[in-house]
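# Commentary on secondary and tertiary structure
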Amino acid sequence: MAEQRYPEPTVGALIFNAQGQLFLMRSHKWRGKWVVPGGHIELGETMEQALRREIREETGLEIRDIEFLCFQEFIHDERFWRRRHFVFFDYACRTDSTEVVLNDEAQDYVWVDLDRISELPVEHYTAVAIDKYRERKS
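First, a word on scope: everything that follows refers to the structure included in this document. Predicted, not measured: the structure shown is a model, and the values here were computed from it.

### Some words on the pattern of salt bridges
For the structure on display, the rule yields 14 salt bridges. Between E105 and K29 there is a salt bridge, and its shortest N-O distance comes to 3.6 Å. In this pair, E105 sits in the loop between β6 (85-94) and β7 (108-112) while K29 sits in the loop between β2 (22-26) and β3 (34-35), placing the two residues 76 residues apart along the sequence. Salt-bridge contacts for E67 lead to R136; the nearest nitrogen and oxygen are separated by 3.2 Å. One end of the pair, E67, is in strand β5 (residues 64-75); the other, R136, is in helix α2 (residues 124-137), and 69 residues separate them in sequence. Residues joined by salt bridges that share partners form a network here, namely E42, E45, R53, E54 and E57.

### Remarks on the packing of aromatic side chains
Applying the stated rule across the entire model yields 15 aromatic pairs. An aromatic cluster of at least three residues, connected via ring pairs, comprises W30, F74, F80, W81, F86, F88 and Y125.

### Here's the deal with the environment of F23
Residue position: F23 is located in strand β2. The spatial distance from the C-alpha of F23 to the C-alpha of Y109 is 7.2 Å, given a sequence separation of 86 residues. The contact partners of F23, leaving out residues within four places of it in the chain, are I15, V36, P37, T59, L61, V100, L102, Y109, V110 and W111.

### Here's the deal with unusual backbone geometry
Residue D65 is not a glycine yet carries a positive backbone phi of 50 degrees. Along the chain, the position of D65 falls in strand β5.

### Focus: the pairing of β2
Judged by how many residues are buried, β2 sits mostly within the fold: four of five residues are covered. Bridge analysis of β2 against β7 gives five bridges, and the strand direction is antiparallel. Bridge assignment links L24 to a residue of β7, and that residue is V110. Pairing geometry for β2 and β3, over two bridges, is antiparallel. Bridge pairing links M25 to V35 in β3.

### Notes on the environment of I55
Along the chain, the position of I55 falls in helix α1 (residues 47-59). Overall, I55 belongs to the buried group, its relative accessible area being 0%. Put simply, I55 and P37 are 18 residues apart on the chain and 5.9 Å apart in space, counted from C-alpha to C-alpha.

Criteria and cut-off values
- Residues numbered from 1 in each chain as written.
- Predicted model: local features only at pLDDT ≥ 70, side-chain atom pairs only at ≥ 80, totals over all residues.
- Heavy atoms only, no water.
- Salt bridge = Lys/Arg side-chain N within 4 Å of Asp/Glu carboxyl O.
- Helix = DSSP H or I, 4+ residues; strand = E, 2+ residues; numbered from the N terminus.
- Phe/Tyr/Trp six-rings, centres within 6.5 Å; stacked < 30°, edge-to-face > 60°.
- Contact = heavy atoms within 4.5 Å.
- Buried < 20%, exposed > 50% of the residue type's maximum accessible area, 1.4 Å probe, protein only.
- Pairing = 2+ DSSP bridges.

Written as structure tokens, this is what we have:
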């Protein structure tokens, strides 16, 4: 891939199922930590369109009730597998889908209760988004 010339806007989402459990996936791109699905916004796409597409591509899930949570800056952080500058736009949403089909970006997935998140090695930026979600809901 060519040298990055500008920050890359990306979207990601905390996805909750009917039981209120959060979807997390383990990714080699994040050094084996648990993350939320997401990715870059393509030219001509709205952030919501990009979010729906990325989640569909990475998990097979369809989402609803999309709510903006926060944005985060990621500048050449070693937590990612290569040197990048991202601006993360994090959302929370729900799914009625039950069948998950992972693409090659994830090695495993789990549906987890929020009160058990601390038992998993959750990636830093995902943990920040979860904390923002908890603040909003309290």
